[in-house]
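What follows is each chain in one-letter form.
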Amino acid sequence: MHFFTELLLLLSAFIGVSTTTANNGADHWYDIAKQALYRRLKHFNSKDTPLEVARNIIVFVGDGMGLSTVTAARILKGQRAGLPGEEAQLAWDEFPAVALAQTYNVDAQRIMRRVPSIFTWAQEQGKATGIVTTTRLSHATPAALYAHSPSRYWEDDAKVPPVTRRRCKDIVRQLVEDEPGRNINVLLGGGRRHWVSMANTDPEDPQKEGRRLDGRNLITEWLRNKRENQIEAEYVWNKEQMEKINSVKVDHILGLFSYSHMDFDTDRNNSTEPSLAEMTKLALKILLKNPWGFFLVVEGGRIDHAHHYNNAYRALDETLAFEDAVTVALQEIDLSETLVLVTADHSHVMTFGGHGTRKGNSILGYDSKLSDVDDTPYTTLLYGNGPGYGITKDNTIAGKNTIQAAAAPRHWATHGGEDVPVFATGPLANLFSGTIDQTTDAID
């Protein structure tokens, strides 16, 4: 996941930490972000109004959720409610502050040092921390919060080159053994395969086995470490177990609900796999107990995967499942002491257009006019590249397995390069305005 420095600096200001670093290259980008922060503080702060401080912070990351995805999902929400769709509102549409975040990277060859994790900063202030995701817990976005790795793919030791294993831990080992990972209170997502060895079969699908080569079961080790330190901790791997958790008693929880990524919400077994909203609610019940506050990151990670497949239906459906998690969180927290951000790490190459398309036209349907070149129908949602290249269409409404047409052939669609939105509410939300320069890259 791409964590833009200015966002981290803004958040670090809320939890009262320093971002000083000895690396001149990093200092350059920190200085740029600090200057932007100070300009905003000067503009919004007054002598008569004390500076607000957020005790709690929740960052919702819709992976790949660019503006075209937000708009299309909003319309789909309205149309599912029997309305034309355009007037519908998403949970974050009423947030009082909006910014745009640039998503470019500094040249990867220049990032030759560890960058501090905002989870480390939060834990140093005594705050509880948590990660909720529909991807593997060791996948790119969640791993950026606790791991330092030359490759995002080193999720278990089998992926680490043999010559490197002795001096570089895989991502899951870092989560279990190192700071800040071992101190994270809530870990809910997928990816059991990276935690156990090839000698362990999966509890949900015995035909599958773990991927670790070192013979270790890091789930068992995570539990043992917590109990040796007299920490109330539980491990769960299905929804039924999760629903039995006593959030008053449990301070640390590890939930691994799938062998790899969790299912798309439209394919999810409601009786065995929890939704993103259900996981978010449990996370907050545990984190809210900390008197010093908490920092929670919630990722709707499979929006991105559906876009890579040119599967607009699932991408928009995942966005609405992500919105459900935001709605649940807003019901659980006190906004007077909690900063809530909804953003994305990058966009995708999905476009939304048409010529004279009537209001209320199905967002997953076709333009009201045929192509003025070859008289063929085309959908209002299209992709710039991906597996949909060369697909011919009729004028039927798209189903959940439909692949949208793409302009250029690729097995896996690329990301988009435009700015992404940042919606903010809560203490100091008004600092999130204008265009935020994203200047560093954590792991992806």
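About the criteria used
Residues numbered from 1 in each chain as written. Predicted model: local features only at pLDDT ≥ 70, side-chain atom pairs only at ≥ 80, totals over all residues. Heavy atoms only, no water. Helix = DSSP H or I, 4+ residues; strand = E, 2+ residues; numbered from the N terminus. Buried < 20%, exposed > 50% of the residue type's maximum accessible area, 1.4 Å probe, protein only. Contact = heavy atoms within 4.5 Å. Areas by Shrake-Rupley, 256 points an atom, 1.4 Å probe, with all protein chains shown as cover. Expected span 1.5 Å × (residues − 1). Pairing = 2+ DSSP bridges. Axes fitted to C-alpha atoms, helices over the stretch in contact; angles between N-to-C directions. Core = buried A, V, L, I, M, F, W, Y, C linked by side-chain atoms within 4.5 Å. Phe/Tyr/Trp six-rings, centres within 6.5 Å; stacked < 30°, edge-to-face > 60°. Parallel < 35°, antiparallel > 145°, perpendicular 65-115°, else oblique. Left-handed = near helix turned anticlockwise from the far one by under 90°. Nonpolar A, V, L, I, M, F, W, Y, C, P; charged D, E, K, R; others polar. 1 Å grid on protein atoms, 1.4 Å probe; cavity = no way out; pocket = protein on both sides within 12 Å on 5 of 7 lines; lining within 4 Å. Points joined across faces, edges and corners; volume = space filled by probe spheres on them.

## Considerations on the overall build of the chain
Reasoning step 1: Looking only at helices and strands, the chain has 11 helices and 15 strands in total.
Reasoning step 2: Counting across all 444 residues of the chain, residues that qualify as buried make up 55%.
Reasoning step 3: Within the chain, contacts between residues separated by at least 24 positions form 73% of all contacts whose residues are at least 6 apart in sequence.
Reasoning step 4: By element, 49% of the accessible surface of the chain is carried by carbon and sulfur atoms, the whole surface being about 19300 Å².

## Some details on helix H3 (residues 67-80)
Reasoning step 1: For H3, spanning 14 residues, the distance from its first C-alpha to its last is 20 Å, which sits close to the expected 20 Å at 1.5 Å a residue.
Reasoning step 2: Burial runs high along H3: 10 of the 14 residues are buried.
Reasoning step 3: Listed as buried for H3 are Ser68, Thr69, Val70, Ala72, Ala73, Arg74, Ile75, Leu76, Gly78 and Gln79.
Reasoning step 4: Close packing links the buried residues of H3 with helix H10 (302-308), helix H11 (312-332), strand E10 (350-352) and strand E11 (381-386).
Reasoning step 5: Once H3 finishes, Gly82 follows within two positions and takes phi at roughly 85°, a positive value.

## Some details on the sheet that holds strand E6 (residues 252-256)
Reasoning step 1: On the basis of which strands lie adjacent, the open sheet formed by 10 strands has the order E5-E6-E4-E3-E7-E1-E8-E14-E2-E15 and mixed pairing. For this open sheet the edge positions go to strand E5 (233-236) and strand E15 (435-436), each flanked by a neighbour on one side alone.
Reasoning step 2: By the bridge criterion, 6 bridges tie strand E1 (residues 56-62) to strand E7 (residues 294-300) in an arrangement that is parallel. Of the residues in E7, the one forming a bridge with Ile57 is Phe295.
Reasoning step 3: On top of the sheet, helix H7 (residues 218-228) reaches strand E4 (186-190), E5 and E6; it is set at about 165° to E5, its chief contact.
Reasoning step 4: On top of the sheet, helix H9 (residues 276-287) reaches E1, strand E3 (128-136), E4, E6 and E7; it is set at about 165° to E3, its chief contact.

## Regarding the nonpolar core
Reasoning step 1: In this structure, Phe60, Trp92 and Trp195 are the most contacted members of the largest nonpolar core, which totals 101 residues.
Reasoning step 2: When residues in this core are grouped by element, the largest group, 9 residues, is from H11.
Reasoning step 3: Among all residues touching Trp195, those that are not within four sequence positions of it are Val172, Leu175, Val176, Arg212, Arg216, Asn217, Leu218, Ile219, Trp222, Leu254 and Leu256.

## Some thoughts on the packing of aromatic side chains
Reasoning step 1: For the structure shown, the criterion picks out 5 aromatic pairs.
Reasoning step 2: Aromatic side chains Phe60 and Phe322 sit 6.0 Å apart centroid to centroid with 80° between the ring planes, which places their arrangement in the edge-to-face category. With Phe60 in strand E1 and Phe322 in helix H11, this residue pair connects regions lying 262 residues apart in the sequence.
Reasoning step 3: For Phe60, a relative accessible area of 1% translates into the label buried.

## Describing the packing of H9 against H11
Reasoning step 1: In the contact formed by H9 and H11, the axes pass within 8 Å of each other and the chain directions differ by 25°. Classified by the angle their axes make, H9 and H11 are roughly parallel. The way H9 lies across H11 gives a crossing that is right-handed. Contacts between H9 and H11 pair Leu276, Ala277, Thr280, Lys281, Leu284 and Lys285 from the former with Phe322, Asp324, Ala325, Val328, Ala329 and Glu332 from the latter.
Reasoning step 2: Considered class by class, the residues forming the contact of H9 with H11 number 7 nonpolar, 1 polar and 4 charged.

## Observations concerning empty space enclosed by the protein
Reasoning step 1: Scanning the model with the defined rule gives 1 cavity of 30 Å³ or more in all.
Reasoning step 2: Of the volumes computed, that of the largest cavity is approximately 80 Å³.
Reasoning step 3: Looking at which element gives the most residues to the lining of the largest cavity, the answer is H11, with 3 residues.
Reasoning step 4: Class assignment of the residues belonging to the lining of the largest cavity gives a composition of 6 nonpolar, 3 polar and 5 charged.

## Some remarks on unusual backbone geometry
Reasoning step 1: Of note, the bond from Glu179 into Pro180 is cis; its omega dihedral lies within 30 degrees of zero at 5°.
Reasoning step 2: If you trace the backbone, Pro180 turns up in the loop between helix H6 (171-177) and E4.
Reasoning step 3: Its identity is not glycine, yet Asp375 carries a phi of approximately 60°, on the positive side.
Reasoning step 4: Look at Asp375 and you get exposed, because its relative accessible area is 58%.

## Looking at the pairing of E11
If a strand is regular, its side chains alternate between the two faces of the sheet.
Reasoning step 1: Where E10 lies against E11, 3 bridges are found, and the strand directions are antiparallel. Paired with Phe352 across the bridge in E11 is Leu381.
Reasoning step 2: Pairing geometry for E11 and strand E12 (residues 406-409), over 3 bridges, is parallel. Residue pairing across strands places Gly386 opposite Pro409, the latter belonging to E12.

## Observations regarding H9
Reasoning step 1: The end-to-end C-alpha distance of H9, which contains 12 residues, comes to 16 Å, matching closely the 16 Å that a straight helix rising 1.5 Å per residue would cover.
Reasoning step 2: Of all the residues in H9, the buried ones are Leu276, Ala277, Met279, Thr280, Leu282, Ala283, Leu284, Ile286 and Leu287.

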